[in-house]
Amino acid sequence: MATKKIKSKTPYTSKKSVLLIIAVLIVLVGGYFAVGWVQAYNSAADQANIVSIRELIINAVRGLKKDAPIDPKTGDVYFPEARLYLPNPDTPQTLTYLNDAGDGSDSKSEISVSTYPVFGTANLYEARNIKQLFDAVPKFQACARGVKLVYKQFPSSDTTNVLQRTVHLNNGKTLYVYQEKNCPELGNLSIMMKNLKSY
């Protein structure tokens, strides 16, 4: 009686298993890259969506204040409507101001002084989506309002501003320098204000 040789199915099964593993790996790697591409696309779309809104916010703030005139000979910075000047502050930043006797905004200041670029602008550019952008706006607005110079102290109920110093002007008036709590970066600017003079 002849014995029948039984062929082993192992090579075929092994090839099938290897092909299955390769197929699974291709699907997993492809899925990983697909998720990465989708995330990159969504991130780029988020960035594109906030560009115009960010620029509108920055331009709106930039349009509120004007650059303080500088005497080219001395470097003194003038705030003409308030008849005040700051002896050469020796700062690379442009000082901007808004003359506001209470009718231009709710700042209650005779004048508000800030810088250009406004502190907090970088946070707007670092925002990756609309939520992060709008989370950065309050600080940006506080820094844009800047240091407030007033002849009458704010009421004690005001929790937004901190009295930084009192300046006795050469015209006999007393000027109070307030800084927004939400913008500690304005500290150096408020220190500069101790040198203010009237003309």
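Details of the structure are given in the entry above.
What you see is a predicted model; the values in this text were computed from it and never measured.

Draft legend 1. The arrangement of the sheet that holds strand S7 (residues 161–168) in detail. The strand order across the open sheet built from 6 strands is S1-S4-S5-S6-S8-S7, with neighbouring strands paired in antiparallel fashion. The open sheet is flanked by strand S1 (66–67) and S7, the only strands paired with a single partner. Two strands pair when backbone bridges link them, and strand S4 (residues 94–99) and strand S5 (residues 111–116) are joined in this way by 6 bridges, in the antiparallel orientation. The residue of S5 that forms the bridge with Asn99 is Ile111.

Draft legend 2. Geometry of the state of the cysteines. In this structure the tally under the stated criterion is 1 disulfide. Between the sulfur atoms of Cys143 and its disulfide partner Cys183 the distance amounts to 1.9 Å. Measuring the twist about the S-S bond at about 105°, one finds the Cys143-Cys183 disulfide to be right-handed. Here Cys143, found in helix H3 (residues 130–145), pairs with Cys183, found in the loop between strand S8 (174–180) and helix H4 (187–192); they are 40 residues apart in sequence, far enough to count as distant. An identical accessibility class is assigned to Cys143 and Cys183; each is buried.

Draft legend 3. Structural context of the pattern of salt bridges. All told, the structure shown has 7 salt bridges when counted by the stated rule. Across the pair Asp67 and Arg62 runs a salt bridge whose closest N-O atoms are separated by 3.0 Å. On the basis of relative accessibility, which here comes to 38%, the residue Asp67 falls in the partly exposed class. A salt bridge links Lys131 to Asp135, with the shortest nitrogen-to-oxygen separation between them at 2.8 Å. Note that Lys131 and Asp135 are positioned in helix H3 at a spacing of 4 residues, about one turn of the helix. If you follow the salt bridges from partner to partner, you end up with Arg145, Lys148 and Glu180 in one network.

Draft legend 4. Representation of the sheet that holds strand S9 (residues 197–198) in the model. The strand order across the open sheet formed by 3 strands is S2-S3-S9, and the pairing between neighbours is antiparallel. What marks the edges here is a single partner per strand, and that holds for strand S2 (77–79) and S9.

Draft legend 5. Spotlight on the packing of aromatic side chains. Within the structure shown, the criterion is met by 6 aromatic pairs. Ring geometry for Tyr78 and Tyr85: centres 5.3 Å apart, planes at 20°, overall stacked. A network of ring pairs unites the aromatic residues Tyr78, Tyr85 and Tyr199 as a single cluster. Above the ring of Tyr116, the side-chain terminus of Arg62 is found at 3.7 Å from the ring centroid.

Draft legend 6. Main features of the environment of Lys152. Along the polypeptide, Lys152 turns up in the loop between strand S6 (147–150) and S7. Of the residues examined, Lys152 reaches a relative accessible area of 68% and is grouped as exposed.

Draft legend 7. Looking closely at unusual backbone geometry. Between Tyr116 and the following residue, Pro117, the backbone shows a cis peptide bond with an omega angle of 0°. By the element assignment, Pro117 lies in the loop between S5 and helix H2 (121–126). One non-glycine residue, Arg83, lies in the positive phi region at around 55°. Take Arg83: it is sitting in the loop between S2 and strand S3 (84–86). Overall, Arg83 belongs to the partly exposed group, its relative accessible area being 46%. Positive phi is not limited to glycine here, since Asp90 has a value of about 50°. With respect to the element layout, Asp90 can be found in the loop between S3 and S4. Among the residues examined, Asp90 registers a relative accessible area of 70% and is labelled exposed.

Reading the values: the criteria
- Residues numbered from 1 in each chain as written.
- Predicted model: local features only at pLDDT ≥ 70, side-chain atom pairs only at ≥ 80, totals over all residues.
- Heavy atoms only, no water.
- Pairing = 2+ DSSP bridges.
- Helix = DSSP H or I, 4+ residues; strand = E, 2+ residues; numbered from the N terminus.
- Disulfide = S-S within 2.5 Å.
- Buried < 20%, exposed > 50% of the residue type's maximum accessible area, 1.4 Å probe, protein only.
- Salt bridge = Lys/Arg side-chain N within 4 Å of Asp/Glu carboxyl O.
- Phe/Tyr/Trp six-rings, centres within 6.5 Å; stacked < 30°, edge-to-face > 60°.
- Lys NZ or Arg CZ within 6 Å of the ring centre and 35° of its normal.

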